[in-house]
Amino acid sequence: MAKEKKTPRPKAETPKGFRDYFGAQVTQRTQMLRQIAEVYHRYGFDPLETSGVETVEALGKFLPDVDRPNEGVFAWEEDSDWLALRYDLTAPLARVAAQYRNDLPSPYRRYAMGPVWRNEKPGPGRFRQFYQCDADTVGAPSVAADAEICAMLSDTLEAVGIKRGDYVIRVNNRKVLNGVLEVAGLAGDDKEAARGIVLRAIDKLDRLGVDGVRALLGEGRKDESGDFTKGAGLDDAAADVVMGFMDAGRETGAATVARLSELVAGSSVGEAGVQELQTIADLLSAQGYGPDRIVIDPSVVRGLGYYTGPVYEAELTFDVTDEKGNVRNFGSVAGGGRYDDLVKRFTGQEVPATGVSIGVDRLLAALHATGRLDTKDVGPVVVTVMDKARMADYQTMVAELRNAGVRAEVYLGNPKNFGNQLKYADKRNSPIAIIAGGDEFEKGIVQIKDLILGAQMAENATLEEWKDRPSQIEVARTDLVAEVQKMLAGQQESQS
């Protein structure tokens, strides 16, 4: 008789480019999303939740800031239609704005939060699924809408715990760059390819540096491996104009605007862009948002190939130590801008729109880096089980605690070894354990063990401190809830 072939067991592993989130990670993200939503709501934005799946046709050009128009999404064919997981929250908004345009108010102000998926090569800190948190205004042509987004972004960063002085929101304008390209002789349909090379070169400033970008503006650049990338073919004078745009930042917003005006002189679109930057600065100043929070900065180049007007980016200015021990600037945590052409794909008519997307996971990482978030979440109060026959009594205790707003649970593992129950509470990061056996029930008392204080005392407490602040107290059964609340309040006070 042939031996039956065993079916191999599946590997218990997370797919490449994805990750699992536990306890404190989920709790802290939920809390951050709530804080962000409160700011958005205060500004008059309504929530919107769309499907995680869109038609490929509705998604359009994938990952508009990446030169891969037909890649980057998880897609499949169904009934002769191609569907895909959304790669951001903006493309679904464009579809909604077009589909429900007769029902929605105009302007339409919405915020959306949720996971997005990108089918691209994963790397350190780069995942294929991550959370985005967007707010957009559709149907408002005035740059007052852009100024409002910048102000709201500033308020949001402070609401989640980023201190003023630890961040800056930088504002640029695609129209100014268009004016620069026009002055550099790159206007007209016949120069479209050269303009694309210039845009991609500017976008690589952080990685390639000034010399690398300059080479791509000219004949081209050879990298360390010897591969050659063809340049835009600009002469020195034209390249000087483009490089001058990236180096136009001055000590004050007024000086920066003046320098940009010089660079785009004679270009109507460039001059319009400079005026929009000036208007944004004036509107923000009138609301009390000065250069300590929001600045005009031509070095903001991310997404300039996608946006049609103002562009903004929130950068955290403090240093952190990376996995290799190198000290570096934390960098960008949010970005956005005006994209007046996106909804037009559906309607055939230009619909002005502007918005911002916040990287929630990066914001959480920033707060951890500054020590403003604990890596552990506070666990539940654990009611231990000394007598299985009294399970109803233990459940009564935990119900009383929960009804008083205290997070609590009864230990539901094998109660035979009491030490394992305390080990379980330790793994849960529980602040308190409730202990009651036959003797306690007969006397009408319970033992309340302060697990946090007990751990501290085990490490460094003196005998006098141990006597002064016992980690375990005996209280009347009727005082259980009040004493637990009192102990929890004391723990919070000592840790604040």
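Up top is the structure these notes are about.
First, a word on what this report is: a plain description of the structure on this page. What you see is a predicted model; the values in this text were computed from it and never measured. (Residues numbered from 1 in each chain as written. Predicted model: local features only at pLDDT ≥ 70, side-chain atom pairs only at ≥ 80, totals over all residues. Heavy atoms only, no water.)

### Digging into the overall build of the chain
Counting its secondary structure elements, the chain contains 18 helices and 18 strands. For the chain, buried positions account for 45% of its 496 residues. Pairs at least 24 apart in sequence give 67% of the contacts found in the chain among residues at least 6 apart. Both charge centroids of the chain, one from 61 positive and one from 75 negative side chains, sit 6 Å from each other. (Helix = DSSP H or I, 4+ residues; strand = E, 2+ residues; numbered from the N terminus. Buried < 20%, exposed > 50% of the residue type's maximum accessible area, 1.4 Å probe, protein only. Contact = heavy atoms within 4.5 Å. Lys, Arg positive; Asp, Glu negative; His and termini not counted. Charge placed at Lys NZ, Arg CZ, Asp CG, Glu CD.)

### Thoughts on helix α8 (residues 236-246)
Burial of α8 is extensive: eight of the eleven residues sit out of reach of the surface. Buried within α8 we find Ala238, Ala239, Val241, Val242, Met243, Gly244, Phe245 and Met246. Residues of α8 that are buried in the fold lie against β7 (167-173), α5 (174-183), α6 (192-203), α7 (205-217) and α9 (253-263).

### So, the packing of helix α1 (residues 23-42) against helix α12 (residues 360-369)
Running from N to C, α1 and α12 cross one another at 110°; their axes reach a closest spacing of 10 Å. Compared by their axis directions, α1 and α12 come out roughly perpendicular. Judged by residue contacts, Gln28, Arg29, Met32, Leu33 and Ile36 of α1 engage Val360, Asp361, Leu363, Leu364, Leu367 and His368 from α12. For the contact of α1 with α12, the class distribution of residues is seven nonpolar, two polar and two charged. (Axes fitted to C-alpha atoms, helices over the stretch in contact; angles between N-to-C directions. Parallel < 35°, antiparallel > 145°, perpendicular 65-115°, else oblique. Nonpolar A, V, L, I, M, F, W, Y, C, P; charged D, E, K, R; others polar.)

### With respect to the pattern of salt bridges
Per the stated rule, a full pass over the model turns up 19 salt bridges. Among the ionic pairs, glutamate 54 bridges to arginine 95, the shortest N-O distance being 2.7 Å. A residue pair is termed long-range when its members are at least 10 positions apart, and glutamate 54 in strand β2 (residues 53-55) and arginine 95 in helix α3 (residues 90-99) qualify at 41 residues. Neither residue differs from the other here; glutamate 54 and arginine 95 are each classed as buried. Across the pair glutamate 409 and arginine 428 runs a salt bridge, and its minimum N-O distance is 2.5 Å. Taken together, the positions of glutamate 409 in strand β15 (residues 408-410) and arginine 428 in the loop between α14 (418-427) and β16 (432-435) put the pair 19 residues apart, joining distant regions of the chain. (Salt bridge = Lys/Arg side-chain N within 4 Å of Asp/Glu carboxyl O.)

### A closer look at the packing of aromatic side chains
Applying the stated rule across the entire model yields five aromatic pairs. When the centroid spacing of 5.9 Å and the interplanar angle of 45° are considered together, the rings of phenylalanine 318 and phenylalanine 330 count as tilted. Residue phenylalanine 318 is located in strand β11 (residues 310-321), and its partner phenylalanine 330 is located in strand β12 (residues 327-338); the two are separated by twelve residues in the primary sequence. The same class applies to phenylalanine 318 and to phenylalanine 330, which are both buried. Across the ring face of phenylalanine 45, the terminal group of arginine 109 is positioned such that the distance to the ring centre comes to 4.4 Å. If you follow arginine 345 out to its NZ or CZ, it ends over the ring of phenylalanine 346, 5.0 Å from the centre. (Phe/Tyr/Trp six-rings, centres within 6.5 Å; stacked < 30°, edge-to-face > 60°. Lys NZ or Arg CZ within 6 Å of the ring centre and 35° of its normal.)

### Considerations on the sheet that holds strand β17 (residues 445-450)
Across the sheet, which stays open at both edges, the five strands sit in the order β15-β14-β16-β17-β18 with mixed pairing between neighbours. Both edges of this open sheet fall to β15 and β18 (472-476), since each of them pairs with a single strand only. This sheet shows a mean twist of 25° between the axes of neighbouring strands, independent of strand direction. The pairing of β17 with β18 spans five bridges and is antiparallel. Looking across to β18, one finds that valine 446 is bridged to valine 475. The strands that helix α13 (residues 391-403) touches are β14 (381-383), β15, β16 and β17; relative to β15, the one it contacts most, it runs at about 175°. (Pairing = 2+ DSSP bridges.)

### What to know about the environment of glycine 226
Structurally, glycine 226 is set in the loop between β8 (220-222) and β9 (228-230). For the pair glycine 226 and methionine 386, spaced 160 residues apart in the sequence, the C-alpha separation amounts to 73 Å.

### A word on α3
Summarising burial for α3: nine of the ten residues are buried, a large majority. Along α3, the positions that sit buried rather than exposed are Thr90, Ala91, Pro92, Leu93, Ala94, Arg95, Val96, Ala97 and Ala98. Looking at the packing, one finds that the buried side of α3 touches β2, α2 (56-59), β5 (108-117), β6 (129-138) and α11 (344-347).

### Description of a negative patch on the surface
Among the surface-exposed residues, Glu57, Glu77, Glu78, Asp79 and Asp81 lie close enough to one another that they form a single negatively charged patch. Position of glutamate 57 relative to the elements: it lies in helix α2. (Patch = residues over 30% accessible without salt bridge, like charges linked within 9 Å, V, L, I, M, F, W, Y side chains within 5 Å. Areas by Shrake-Rupley, 256 points an atom, 1.4 Å probe, with all protein chains shown as cover.)

### Let's talk about the nonpolar core
Of all hydrophobic cores here, the largest spans 93 residues; its most connected members are Tyr40, Val198, Leu217 and Leu234. Tyrosine 40 has contacts with Phe45, Tyr111, Met113, Cys133, Asp134, Ala135, Met152, Thr156, Val356 and Ile358, leaving out every residue within four places of it along the chain. (Core = buried A, V, L, I, M, F, W, Y, C linked by side-chain atoms within 4.5 Å.)

### A short note on the pairing of β17
For β17, the tally of buried residues reaches five of six residues, placing the bulk of the element in the interior. Of the pairings in the sheet, the one linking β16 to β17 comprises four bridges and is antiparallel in character. Each residue of the ladder has a partner; that of alanine 433, found in β17, is lysine 449.

### Concerning unusual backbone geometry
With an omega of 0°, the peptide bond running from serine 106 to proline 107 counts as cis. Backbone geometry at aspartate 79 places phi at a positive 55°, although glycine is not the residue there. Relative accessible area serves as the criterion here: at 70%, aspartate 79 is assigned to the exposed category. Phi is positive for asparagine 429, which is not a glycine, with a value near 60°. If you trace the backbone, asparagine 429 turns up in the loop between α14 and β16. Since its relative accessible area comes to 25%, asparagine 429 is described here as partly exposed.

### Thoughts on the state of the cysteines
Per the stated rule, a full pass over the model turns up zero disulfides. With no disulfide of its own, cysteine 133 lies 16 Å from the sulfur of cysteine 150, the closest cysteine sulfur. Given the relative accessible area of 0%, cysteine 133 is considered buried. Taking the relative accessible area as the measure of exposure, cysteine 150 reaches 0% and is therefore buried. (Disulfide = S-S within 2.5 Å.)

### Structural notes on the side chain of aspartate 450
Mapped onto the fold, aspartate 450 is located in strand β17. Given a relative accessible area of 7%, aspartate 450 falls into the buried group. One polar contact links the side chain of aspartate 450 to the main-chain amide nitrogen of leucine 453, over a distance of 2.9 Å. A polar atom in the side chain of aspartate 450 sits 2.8 Å from the side chain of glutamine 491. Setting aside residues up to four positions removed in sequence, aspartate 450 forms contacts with Pro431, Ser471, Met487 and Gln491. (Polar contact = N/O pair within 3.5 Å; in protein donor to acceptor, adjacent residues only side chain to side chain.)

So, to be careful, I would describe these as geometric facts and stop short of saying anything about function.
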